[in-house]
Amino acid sequence: MSTNSTQQQQPTTYQIPVEEIDFSPNISSEAENFFQTDADIARMAARQGMVNFDKGQAIKVSSKVLDMCLGLRRSASATAASVAAGAGCAGEEQAEKGEESRTMKAIVVEDKALVGATLFTAESGHVARKINLETGKTMKLFHGHTGPVTRVAVYQTHQGQERLITGSWDKTIRVWDTETKTCLATLKGHTDFVKALAVRAILVDSTEGGESGKRKRVAHELFSASYDGTILHWDLETFQEFRGGAGGPWKGHARGINDLCLTVEEDNERQEGDGAEEKEDHGKEYLYSAGSDGTIRKWDIERGQGRGGHCVHMFKHHETTVYRVIVEAGVEIWSTSADKTAQRLDLETKKVDTTLWHPDFVKSIALAGPYVVTGGRQESVRVWSVATGKLITEIKGHFDEVSSMVAVGTTLITGSLDNTVRRWSLKEQDLVPPAPKEEDPSVAALSLGDASEIANKQEEERKPGMMTEEEERELAELMG
């Protein structure tokens, strides 16, 4: 047989050009798995085997918990009255179609800080909920939004009345009387999902008793932020947006804003000879905002009023979306991100001094004495030492993303997309060290430089005005 005939019998091979190969995740088009990648579907299947309602003295609610905040502490008489009326509230709730909230195991109050404590939850089922943390029972349900309720905040009027503020995917903000459940106002101004709320207390001249200017009283203002990338400033007495001078939305973020935090710091921005009146320094108020553009912005509230905002500094120590920001004592920033880290930044040096690495997106954070606690897409809650940055323990119980958390005394309250609110002790004797295990090479190998390169590549491929990958996943999880 000739050489030519041998060559003719060899099979023909074809090479596809690299640029024509689709390396993107396999996205399902099935209705029940819409927007889900194959990895997301596998994650959902694994979570089915984790379902439980006994760990953490779970309080089961009717939909996914997206945010939480503490309510005003009730007096002993109010506590007794609410317990007596608990059966009536439960009956009202069960009468609402699809509404369910019950403590799966009777709560035993071991932390005195929980006595008289209440909790508000923002839920994907278009409702906000008030829960008695002593009994785990629902006290009130707040209906009215036409989309998932994404954020809750509480304040007390100068007359001692409790007010609840809710933000929603329906692009509106509502203010509620928590006693009567009456919606007092609906604030409209954002053009996309409302994602963050921050209430500011100020002193104004009192007009009561005809002594205007001689006495002061507390009034409140609201800052709200949205996926539209703007911050709006509201008067909570007139329920109107501040629009004085050349004011309007505070702009600066290139993408949506996920969180807001108010703080008082030393006035390091004031310049000598700037014409400002000399007065005793009681500190200066700043607003911090965390965005999907990977930045945290610091806003001068005084200079920003009526001027469309005044950003004095931009922090970019995260590689991608920043979900939460806490400013502690005006000296340090704690933040969480889709870059799988929680980080602490020193405001004096403006440098990161602590990085807590996680296997997945970090969506929630709380400071509790000597501990910083984090949660996220990996379902577990992690307790770290503030002093050393070392992991103290990993608490497992939730079977979906841990979306929010608050600390009350020595108790941690966590909310999750698994439709539960859970309670965990942060007492030293209850924090069991995690079992030794091999370090996840995927986490250990991912240096800040690697993360930066990945994030830059993703940013180049992302089209302006479109949701980030993290935001698309969040949308998918909430629709699921």
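The notes below deal with the structure included here. (Residues numbered from 1 in each chain as written. Predicted model: local features only at pLDDT ≥ 70, side-chain atom pairs only at ≥ 80, totals over all residues. Heavy atoms only, no water.)

1. Section: the packing of aromatic side chains
What characterises a pair of aromatic rings is the spacing of the ring centres plus the angle enclosed by the ring planes. Convention followed: Any Phe, Tyr or Trp ring, taking Trp's six-membered ring, that has another such ring centre within 6.5 Å forms a pair; planes under 30 degrees apart are called stacked, those over 60 apart edge-to-face, and the others tilted. Put simply, DSSP H or I for four residues or longer makes a helix, DSSP E for two residues or longer makes a strand, and each gets a number counted from the N terminus. We call a residue buried when its accessible area falls under 20% of the maximum for its residue type, exposed when it is over 50%, and partly exposed in between, using a 1.4 Å probe and counting protein chains only.
Enumeration according to the criterion identifies 9 aromatic pairs in this entry. Between the aromatic rings of Phe53 and Phe399, the centroid separation amounts to 5.8 Å while the plane-to-plane angle is 85°, which identifies the pairing as edge-to-face. Within this pair, whereas Phe53 is found in the loop between helix H2 (38–48) and strand E1 (59–60), its partner Phe399 is found in the loop between strand E27 (391–395) and strand E28 (402–408), the two being separated by 346 residues in sequence. The class of Phe399 is buried, set by a relative accessible area of 11%. Taking the centre distance of 5.6 Å and the plane angle of 40° together, the rings of Trp250 and Trp299 count as tilted. Highlighted residues: Trp250 in strand E15 (residues 250–251) and Trp299 in strand E18 (residues 296–300), separated in sequence by 49 residues. For the pair formed by Trp250 and Trp299, the shared burial category is buried. Every member of this aromatic cluster is reached through a ring pair, and the members are Phe120, Phe142 and Trp176.

2. Topic: the sheet that holds strand E19 (residues 311–315)
Heads up, the rule is: For two strands to be treated as a pair, DSSP must find at least two bridges joining them. Helix axes are fitted only over the stretch in contact, all axes being lines through C-alpha atoms; the angle between N-to-C directions runs from 0 to 180 degrees.
Overall, antiparallel pairing links the 4 strands, which are arranged E16-E17-E18-E19 in an open sheet. Of all strands in the sheet, those with a lone pairing partner are strand E16 (257–265) and E19, marking the two edges. Across the sheet, the axes of successive neighbouring strands diverge by a mean angle of 20°, strand direction being ignored. When E18 meets E19, the two strands line up antiparallel, connected through 4 bridges.

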